[in-house]
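The residues making up each chain are set out below.
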Amino acid sequence: MQHPKPRNNEIKLNPKRYIVSKTDTDGIIEYGNDYFVEISGYTEAELIGQPHSIIRHPDMPKVVFKLMWDRISDAQNIMAIVKNLAKDGSYYWVVTEFEPKIDPLTNKVISHTAFRKSAPKDAVEAIEPIYKKLIEIEAVSGMEASEKYLHGFLEEQHKTYDELINELVGNKGLFKIFFTAMKKLFS
């Protein structure tokens, strides 16, 4: 399936609804809740069996996805602010948190469930310039250079990636309760 051409049209997410999708360890979509199907603009049949990158927006730096995949492949959680691409080329911003499913016999990751909620506007405004810089670096010098820049940026801020994202999205109170509840519901 071909990626749509991005257009400057933001889909405003309902802050009271959540998006859930489940992939195998290769990132192939196995499940998407009704809101995921609705917001993405694809039918359920179009989504199932496709790589999750079908909704990857070109404004997202590759290094952010590398960081996510490195973590979730090691059964570690990660939260990220992500700009996704709908079938019609529109975009929507989410805060995503992952829950790896572990095989009780082999103790290996067998799938990943992503829980998404509308990203706070101030978090998007803060992360966009960082993402733009990372994309510029990737275009000229590659993802490895982008990753080095991100490490340097975080060192200068005296923060880890997790601390930066938690600070930007206000990962406390009701926000934190939401992700905890979603994990319990889908575990």
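Here, the structure is the one placed above.
Residues numbered from 1 in each chain as written. Predicted model: local features only at pLDDT ≥ 70, side-chain atom pairs only at ≥ 80, totals over all residues. Heavy atoms only, no water.

Peer 1: Teacher, can you tell me more about the nonpolar core here?
Peer 2: A general tendency of soluble globular proteins is for nonpolar side chains to be buried together. One finds Ile81, Tyr92, Ile127 and Tyr131 to be the most contacted residues of the largest nonpolar core, which totals 46 residues. Excluding its chain neighbours within four sequence positions, the residues that come into contact with Tyr92 are Ile11, Leu13, Ile19, Phe36, Ile39, Ser40, Ile55, Val82, Lys83, Asn84, Leu85 and Ala86. (Core = buried A, V, L, I, M, F, W, Y, C linked by side-chain atoms within 4.5 Å. Buried < 20%, exposed > 50% of the residue type's maximum accessible area, 1.4 Å probe, protein only. Contact = heavy atoms within 4.5 Å.)

Peer 1: Help me understand the packing of aromatic side chains, please; the structure alone is not making it clear to me.
Peer 2: Aromatic ring pairs: the centre-centre distance and the angle between the two ring planes describe each pair. For the coordinates displayed, the defined rule picks out one aromatic pair. Here Trp93 and Tyr131 contribute two aromatic rings whose centre-to-centre distance is 6.4 Å and whose plane-to-plane angle is 20°, an arrangement assigned as stacked. Here Trp93 is found in strand β4 (residues 91–102), whereas its partner Tyr131 is found in helix α4 (residues 121–141), with 38 residues between them in sequence. When sorted by exposure, Trp93 lands in the same class as Tyr131, which is buried. Positioned above the aromatic ring of Phe65 is the side chain of Arg56, whose terminal nitrogen or guanidinium carbon lies 3.9 Å from the ring centre. The cationic tip of Lys83 hangs over the ring face of Tyr91; the distance from NZ or CZ to the ring centre is 4.3 Å. (Phe/Tyr/Trp six-rings, centres within 6.5 Å; stacked < 30°, edge-to-face > 60°. Helix = DSSP H or I, 4+ residues; strand = E, 2+ residues; numbered from the N terminus. Lys NZ or Arg CZ within 6 Å of the ring centre and 35° of its normal.)

Peer 1: Is there a simple way to explain unusual backbone geometry in this structure?
Peer 2: Most peptide bonds adopt trans geometry, and most residues besides glycine take a negative phi value. Despite not being glycine, Ala75 has its phi angle at roughly 65°, a positive value. Inspection of the secondary structure assignment puts Ala75 in the loop between α3 (62–73) and β3 (79–85). Even without glycine at this site, Asn107 takes up a positive phi of about 60°. Structurally, Asn107 can be placed in the loop between β4 and β5 (109–118). A residue is classified by how much of its surface remains accessible, and Asn107, at 63% relative accessible area, is exposed.

Peer 1: Just to check I follow, could you spell out the pattern of salt bridges for this structure?
Peer 2: Should their charged atoms come close, side chains of opposite charge can pair. Per the stated rule, a full pass over the model turns up eleven salt bridges. Taking the shortest distance from any N to any O, the salt bridge between Asp59 and Lys83 comes out at 2.6 Å. On the criterion of sequence distance, the pair formed by Asp59 in the loop between α2 (44–47) and α3 and Lys83 in strand β3 is long-range, its members being 24 residues apart. When its relative accessible area of 36% is taken as the criterion, Asp59 is described as partly exposed. (Salt bridge = Lys/Arg side-chain N within 4 Å of Asp/Glu carboxyl O.)

Peer 1: Whenever I open this one, the packing of α4 against helix α5 (residues 143–157) confuses me. Can you help?
Peer 2: When two helices pack together, their arrangement is given by the angle between their axes and by how far apart the axes lie. α5 packs onto α4 with a crossing angle of 145° between their chain directions and a minimal axis gap of 7 Å. In this structure, α4 crosses over α5, and the sense of that crossing is right-handed. Across the interface between the two elements, Ile130, Lys133, Leu134, Ile137, Glu138 and Ser141 from α4 touch Met143, Ala145, Ser146, Tyr149, Leu150 and Phe153 from α5. For the contact of α4 with α5, the class distribution of residues is eight nonpolar, two polar and two charged. (Axes fitted to C-alpha atoms, helices over the stretch in contact; angles between N-to-C directions. Left-handed = near helix turned anticlockwise from the far one by under 90°. Nonpolar A, V, L, I, M, F, W, Y, C, P; charged D, E, K, R; others polar.)

Peer 1: When you look at the pairing of β3 in this model, what are you seeing that I'm missing?
Peer 2: Side-chain positions along a regular strand alternate between the two faces of the sheet. Within β3, seven of the seven residues are buried, leaving the element largely enclosed by the surrounding structure. Connecting β3 to the antiparallel partner β4 that follows it, the hairpin turn spans five residues, and Gly89 within it adopts a positive phi of roughly 95°. (Pairing = 2+ DSSP bridges.)

Peer 1: What am I meant to see in the environment of Asn84 here?
Peer 2: Note that Asn84 resides in strand β3. Separated by 24 residues in the primary sequence, Asn84 and Met60 place their C-alpha atoms 8.2 Å from one another. Discounting chain neighbours no more than four positions away, the residues touching Asn84 are Ile55, His57, Ser90, Tyr91, Tyr92, Val94 and Arg116.

Geometric descriptors of this kind do not, in isolation, establish any biological role.
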